[in-house]
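Coordinates in review
Below, each chain spelled out in residue letters.
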Amino acid sequence: MPMSAHWHSERGDPPPKRVRVVDDTITADVAYRLASNNSALLYQGDFNNARQLLQAMTRRAEKKGGGEKTFADHRQAQQRKARALSQLLVQVNADHSVPLGRAPDVSAACAHAWGPAQAEGRVVALRELLGVMSAFEWRKKGVEIPALGPAPNNRIYPHYGVFSPVRGEYIQLVASTPLPISKQLPYIAFDLGTGTGVLAGVLARRGLTHIIATDQDPRALACARENIGKLGVAQHVNIIATPLFPQGKAALIVCNPPWLPAKPSAPIERAVYDENSQMLLAFLSGLSAHLAPDGEGWLLLSNLAEHLGLRTREWLLSAIASAGLKVLGRVDTAPHHPKAADADDPLHAARAAETTSLWKLKVDAEKPAGDLSITGHLT
């Protein structure tokens, strides 16, 4: 019987061309084979069985992987896996209910991710719906950030689609590095690409009272405003929508650009992948025009890209110099996240050698900024 439904994909995937209706009788082997051949599977049965089927398909996808020798191989394997697993679909009604047996109430989670209920329902990948549910739990529970002070008022509540600050080492660098001494009055700080607002919150907790936090993503802006309000520092932080730099100059400009120069394959990956190092280069090229005379730019950057062969240290230093900047110093820290110790991770060797750094940059009065059309790194 022919049927139609509104298609929804946060990844921007096109609607499937072939859709099969399946139920609890389908096996994981058959489901994975069909999904790998680009046949979408609209599940109509028990929700828990659908979730178990997705888990079984994930195990089969992971068995197909392994043996990747380069980062490009790893990315291609991950994308193939994502495409296959995104073929298992479920219907979500207009009121954000899921018409499957034993389906949980996901209405609040869907409303937070997608907005109010609409006139019609939608079909989404089960994997994406589970991501919506997981993100809602993170938003309710929050992420404890020790650099924000003692509990309980030290949590950040990430929104759906906004990168969660689960890696604390770069946050601790901002919390512990001595602030630059400046004659600027009032002392102004910029937090570029604020995301959840965590770094703006840390700067406010350090006593700065004039902070401008910027982002261009509507979800990030809403998330940052909520978090800054919950931290009780809204009077010290002005959150504005702009691609990167606001107007004016600052004694301190902090930027934590995506660390890997590669093309994101989904919106959430824009916090990890910076195609052609666009945000990094934009930060470096605009820094000298926005720093107060005795101000500092703090670049937060992992060297994981160097260990993966995506960028060299020479390239980074050349980009800094070409922007008319000089390095005042660098503070390094080792990663503490679980993947750094996971020997089964395909990128384990690079992750184990990774260092996260806070680069202290200043305008080099002897070297005016040049052309930042830097070459010599791979994407």
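Further up the page is the structure itself.
As a starting point, this report considers the structure included with it. As the structure is a prediction and not an experimental result, all values here were calculated from the model.

Turning our attention to the overall build of the protein. Per the secondary structure count, the protein includes 12 helices and 14 strands. Against the globule reference of 21 Å for 379 residues, the protein gives a C-alpha radius of gyration of 23 Å, in line with a compact fold. Along the three orthogonal principal directions, the C-alpha set of the protein runs to about 75 × 45 × 35 Å. Residue burial in the protein is summarised as follows: out of 379 residues, 49% are buried. At a minimum sequence separation of 6, the contacts of the protein that also span at least 24 residues come to 73%. Here the protein has roughly 18,100 Å² of accessible surface; of this, 53% comes from carbon and sulfur atoms. In the protein, 41 positive and 35 negative side-chain charges are present, and the distance between their average locations comes to 1 Å.

Turning to the sheet that holds strand 14 (residues 356-363), a few remarks are in order. Strand order in the open sheet formed by seven strands is 10-9-8-11-12-14-13, with mixed pairing between adjacent strands. Whereas interior strands pair on both sides, the edge strands pair on one side only; in this sheet they are strand 10 (237-241) and strand 13 (325-333). The average undirected angle you get between the axes of adjacent strands in this sheet is 20°. Those strands touched by helix 7 (residues 198-205) are strand 8 (189-192), strand 9 (211-215), strand 10, strand 11 (250-255) and strand 12 (291-302), and its axis lies near 175° from that of strand 9. Lying over the sheet, helix 9 (residues 278-290) contacts strand 8, strand 11, strand 12, strand 13 and strand 14, oriented at roughly 165° with respect to strand 12.

Considering all chains together, one arrives at one cavity of 30 Å³ or more under this definition. Space inside the largest cavity adds up to approximately 50 Å³. As for the largest cavity, its lining consists of Ala109, His112, Ala113, Val132, Ala135, Phe136, Arg139 and Tyr160. Contributing elements (two or more residues each) for the lining of the largest cavity: helix 4 (107-114) and helix 5 (126-141). Along the lines of polarity and charge, the residues of the lining of the largest cavity split into six nonpolar, one polar and one charged.

This part takes up the side chain of Glu128. Along the chain, Glu128 falls in helix 5. We note that Glu128 is buried and unpaired, the nearest opposite charge coming from Arg11 at a distance of 6.4 Å. Sequence-distant contacts of Glu128, defined by excluding residues within four places in its chain, comprise His8, Ser9, Glu10, Arg11 and Tyr160.

In this structure, Ala50 sits in helix 2 (residues 47-64). When the C-alpha positions of Ala50 and Gln235 are compared, they lie 47 Å apart, and in sequence the two are 185 residues distant. Ala50 has contacts with Tyr43, Leu88 and Leu126, leaving out every residue within four places of it along the chain.

So, on to the packing of aromatic side chains. The tally for this structure, following the rule as stated, stands at three aromatic pairs. Considering the side-chain rings of Phe71 and Tyr273, the 6.4 Å spacing of their centres and the 45° angle between planes classify their relative orientation as tilted. Note that Phe71 is positioned in helix 3 (residues 71-85) and Tyr273 in the loop between strand 11 and helix 9, a separation of 202 residues in sequence. Look at Tyr273 and you get buried, because its relative accessible area is 13%. Against the face of Trp138 rests Lys141, its NZ or CZ located 4.8 Å from the ring centre.

Criteria and thresholds
- Residues numbered from 1 in each chain as written.
- Predicted model: local features only at pLDDT ≥ 70, side-chain atom pairs only at ≥ 80, totals over all residues.
- Heavy atoms only, no water.
- Helix = DSSP H or I, 4+ residues; strand = E, 2+ residues; numbered from the N terminus.
- Rg over C-alpha atoms; globule rule 2.2 N^0.38 Å.
- Buried < 20%, exposed > 50% of the residue type's maximum accessible area, 1.4 Å probe, protein only.
- Contact = heavy atoms within 4.5 Å.
- Areas by Shrake-Rupley, 256 points an atom, 1.4 Å probe, with all protein chains shown as cover.
- Lys, Arg positive; Asp, Glu negative; His and termini not counted.
- Charge placed at Lys NZ, Arg CZ, Asp CG, Glu CD.
- Pairing = 2+ DSSP bridges.
- Axes fitted to C-alpha atoms, helices over the stretch in contact; angles between N-to-C directions.
- 1 Å grid on protein atoms, 1.4 Å probe; cavity = no way out; pocket = protein on both sides within 12 Å on 5 of 7 lines; lining within 4 Å.
- Points joined across faces, edges and corners; volume = space filled by probe spheres on them.
- Nonpolar A, V, L, I, M, F, W, Y, C, P; charged D, E, K, R; others polar.
- Salt bridge = Lys/Arg side-chain N within 4 Å of Asp/Glu carboxyl O.
- Phe/Tyr/Trp six-rings, centres within 6.5 Å; stacked < 30°, edge-to-face > 60°.
- Lys NZ or Arg CZ within 6 Å of the ring centre and 35° of its normal.

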